[in-house]
Number of protein chains: 2
Amino acid sequence: MIRIGICGYGNLARGVEAAIYNSTDMELLYVFTRRNASDIKLKTENALVYNIKDILNFKDKIDVLILCGGSRTDLPEQTPELAKYFNVVDSFDNHHEIYNHYGRVNESALANNKTAIISTGWDPGMFSLNRLIMESVLPKGKDYTFWGRGVSQGHSDAIRRIDGVLDARQYTIPIEEALASVRNGENPTLSAREKHRRECFVVAKEGADLKRIENEIKTMPDYFAPYDTAVHFISMEELKKNHMGIPHGGFVIRTGNTGIDLENKHVIEYSLKLDSNPEFTGSVLASYARACYRLNKRNDYGCKTVFDIAPRDLSPRDYSELLKNTL
Amino acid sequence: MIRIGICGYGNLARGVEAAIYNSTDMELLYVFTRRNASDIKLKTENALVYNIKDILNFKDKIDVLILCGGSRTDLPEQTPELAKYFNVVDSFDNHHEIYNHYGRVNESALANNKTAIISTGWDPGMFSLNRLIMESVLPKGKDYTFWGRGVSQGHSDAIRRIDGVLDARQYTIPIEEALASVRNGENPTLSAREKHRRECFVVAKEGADLKRIENEIKTMPDYFAPYDTAVHFISMEELKKNHMGIPHGGFVIRTGNTGIDLENKHVIEYSLKLDSNPEFTGSVLASYARACYRLNKRNDYGCKTVFDIAPRDLSPRDYSELLKNTL
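Numbering of residues starts from 1 in every chain and runs along the sequence as written. Numbering of ligands from 1 and lettering of chains from A proceed in the order in which they are written. For this predicted model, a pLDDT threshold of at least 70 governs which residues receive local features, and a threshold of 80 or more governs which side-chain atom pairs are given and counted, while totals over whole chains, interfaces and linings are taken from all residues. The basis for every side-chain value is the complete set of non-hydrogen atoms in the structure, without hydrogens or water.

A separate point is the overall build of chain A. Counting from the N terminus, the helices are the DSSP runs of H or I reaching at least four residues and the strands are the DSSP runs of E reaching at least two. Check the secondary structure of chain A and you find 11 helices and 14 strands. By the compact-globule yardstick of 20 Å for 327 residues, chain A fits well, its C-alpha radius of gyration being 22 Å. Based on the C-alpha atoms only, the size of chain A along its principal axes is roughly 65 × 60 × 35 Å. We call a residue buried when its accessible area falls under 20% of the maximum for its residue type, exposed when it is over 50%, and partly exposed in between, using a 1.4 Å probe and counting protein chains only. Within chain A, the fraction of its 327 residues that count as buried is 58%. A contact between two residues is defined here by any heavy atoms of the two lying within 4.5 Å. A separation threshold of at least 6 residues defines the contact pool for chain A, and within that pool the share at least 24 residues apart is 68%. To be clear on the numbers: accessible area is Shrake-Rupley with a 1.4 Å probe, and residue cover counts the displayed protein chains and nothing else. Summing over all exposed atoms, chain A offers an accessible surface of approximately 14000 Å²; the carbon and sulfur share of this is 45%. In this charge count, Lys and Arg are treated as positive and Asp and Glu as negative; neither His nor the chain ends contribute. By convention, charge coordinates are those of NZ in Lys, CZ in Arg, CG in Asp, or CD in Glu. If you average the places of the 42 positive and of the 44 negative side-chain charges in chain A, the two averages end up 2 Å apart. Radius of gyration here is computed from C-alpha atoms only, and the compact-globule reference equals 2.2 Å multiplied by the residue count raised to the power 0.38.

As structure tokens, then:
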């Protein structure tokens, strides 16, 4: 059994925990938290919770440490630091910073014979590897990524910071006409507004000025102004009844041409429809933890991404069985 | 430039030729044929055609030889034999025989420090790697593969062998209701008839007994009897006007559950819609030829499949650029 530790215990960590629980070749031994360890009740029997300050005591007791912190402040510090002592997997998702994050993690891991796989999950992650493979197969073409329908945590948080708002959920929704045009191979040039729309469900404080809140949302730069945004005021009761899930998903579509004169057209499409974003993301992290363990056993050190991992290393099954039943 | 040779010059080989032509890092130098070399006119300027009996004279002049023969009689002989002298890529697609083919090719390639990648294309190939990755991420689930709408060469040939038939095209078509049920996560158990239907366009000899031909098609074991099959008699003129393309495609869909109690549902879908089956397949072979070359340069010898190849090895682009723009 591959011995797994989890750093952090939020939604993503609980998703990882469930994925490990449902796997046949990995076991969760330890969870490390900044909170009071005794306040945390795991779903996994026999796994133990410790404060993160004690984590280095466990460096020989874990095969892979899965980092479940946030990309803004946790992972930029934690991944390079912990890759000195552990094989690590993270879901660092700040696309603009991945290259720098890679450099820092690679240096730590290489210097200590550790293996790190960063930016796993679905975007970056499953979507990225599909973009890369699609482009490699159809170099004369163009790809499009759409997200949703799903809850955006960042946009929901932005609404909650508005004065007079008690709680909110924001759904990102791809625009059907844009999807259809892409699938048709029309290679459209799409503005932000033409690709996605935003739908917000907001619980306001009693007596709050709803017109002002709606206006503050719709005109918020970057977050909402570039999009068609619908705002619905609902009761806390309705929010709790209908909007507590964390669904998400999306589409990667590439259209391209082949033939000496590029006379033939092709469409490749990969899509996800997820009831629970953190549980699916956690399942991806768990698969890459398996690969991380195997690479380290083969002395393949340093920082890796989904681009470096051969599909067989994600699977618990025997290669001969894969050749017989899956190929 | 990676120096490419092609063995065979049918539809698939012409698809490979076009893919190499549209690549930035590979060049086609030689095509080997069983036919009279002077009868073949390539699309690629400067590439030369030789008879296959001379192929061993070129063993130091080619980095990767792409084998474009058929899976029934050509590849079972050619791939193990030519893997003694060349790095090779094939599209061996007899699923039941892949494991044995792998063993024979692996022995030849390992003994001669060559790298072989077998069973590339889209099924086996792109569909296989998606099945494997989907299953690794969502182990508690079920996957389904549908083919079409597209021309099945084998089924078209079977119709042509019937007495009184001049020519024919058979389209394999996935059944919409089955696709919808799978996407809904209903985990249906589907018979052959419930997954696909078959549509045949047949040109009969003048005066042939159409009722008999239709009956022979519809009752043909394995090929048509297990399916709902429609037979349309058309003129040679109509066949040539409307049925000369070789479109194909299909869907791999996995539905699975996550959560400690498997309470959340997810759908992953990968699909292809191809104007030209041989050109798309040829494009996949060309990408794996790039990987084959790189693996051999790294002294990674023996037989490989799509399961062994990391996505980055399919791409002509720099890793740092991939981290910045594609991840």
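With that settled, the discussion passes to empty space enclosed by the protein. Cavity and pocket criteria rest on a 1 Å grid covering protein atoms alone: a 1.4 Å probe that fits but cannot get out defines a cavity, protein on both sides within 12 Å along at least 5 of 7 lines defines an open pocket, and an atom within 4 Å of a point defines a lining residue. Grid points are joined across faces, edges and corners, and a volume is the space filled by probe spheres set on the points. Enumeration according to the criterion identifies two cavities of 30 Å³ or more in this entry. As a volume, the largest cavity reaches approximately 120 Å³. Taken together, 17 residues line the largest cavity, and the ones lying closest to its centre are V137 and P139 of chain A together with A19, N22 and S283 of chain B. Of all the elements in the fold, those that place two or more residues in the lining of the largest cavity are α4 (126-137) and β12 (248-258) of chain A together with α1 (11-21) and α10 (277-297) of chain B. Three classes are used, and their members are as follows: Ala, Val, Leu, Ile, Met, Phe, Trp, Tyr, Cys and Pro are nonpolar, Asp, Glu, Lys and Arg are charged, and the others, Gly among them, are polar. Among the residues forming the lining of the largest cavity, the class breakdown is seven nonpolar, eight polar and two charged.

Turning next to the confidence of the model for chain A. Atomic detail in the predicted coordinates should be set aside for any region of low pLDDT. Here pLDDT means the predictor's own confidence in every residue, given as a number from 0 to 100. On average, residues of chain A carry a pLDDT of 97, and 100% of them reach 70 or more. The ipTM for the predicted assembly is 0.96, set against a pTM of 0.96.

Right, let's talk about the sheet that holds strand β2 (residues 26-33) of chain A for a bit. Residues and elements named next belong to chain A. Ordered by their spatial adjacency, seven strands build an open sheet running β3-β2-β1-β4-β5-β6-β14, and the pairing between neighbours is parallel. Two strands lie at the open edges of the sheet, namely β3 (48-51) and β14 (302-304), each paired on one side alone. By definition, two strands form a pair when at least two bridges between them are found by DSSP. Relative to β3, β2 runs parallel, the two sharing four bridges. Residue pairing across strands places F32 opposite Y50, the latter belonging to β3. Contacting β1 (2-7), β2, β4 (64-67), β5 (88-89), β6 (115-117) and β14, helix α10 (residues 277-297) runs over the sheet at an angle of about 145° to β4. The angle between two axes is taken between their N-to-C directions and runs from 0 to 180 degrees, where each axis is a line fitted to C-alpha atoms and a helix contributes only its stretch in contact.

Another point: helix α5 (residues 153-160) of chain A. For an α-helix the count is 3.6 residues per turn, leaving residues at separations of three or four pointing the same way. All names here are of chain A. Residues of α5 that are buried include every one of H155, S156, A158 and I159, and no others. Relative to the axis of α5, the buried residues are bounded by an arc of 160° and lie together on one face. Of the surrounding elements, those touching the buried residues of α5 are β8 (150-151), β9 (165-174), β10 (196-204) and α8 (210-218). The arc in question is traced by the directions running from the helix axis to the C-beta atoms.

Between chain B and chain A, which share one sequence, the superposing operator has a rotation angle of 180° and an axial displacement of 0.0 Å; the RMSD is 0.1 Å. This pairing of chains is accounted for by a two-fold axis. Here 100% of the interface residues in chain B have copies in chain A that are interface residues too; the copies meet face to matching face. In this comparison the copies share one frame, found by least squares on the C-alpha atoms of residues holding pLDDT of at least 70 in both.

With an omega of 5°, the peptide bond between D123 of chain A and P124 of chain A qualifies as cis. In this structure, P124 of chain A sits in the loop between β6 and α4. Residue R149 of chain B is reached from G148 of chain B by a cis peptide bond, and omega for that bond is 0°. Looking at the secondary structure, you find R149 of chain B in the loop between β7 (141-147) and β8 (150-151). Positioned with a positive phi, N299 of chain A is a non-glycine residue whose angle comes to about 60°. Here N299 of chain A is to be found in the loop between α10 and β14. Its identity as a non-glycine residue notwithstanding, N46 of chain B has a phi of 75°, on the positive side. Structurally, N46 of chain B is set in the loop between β2 (26-33) and β3 (48-51).

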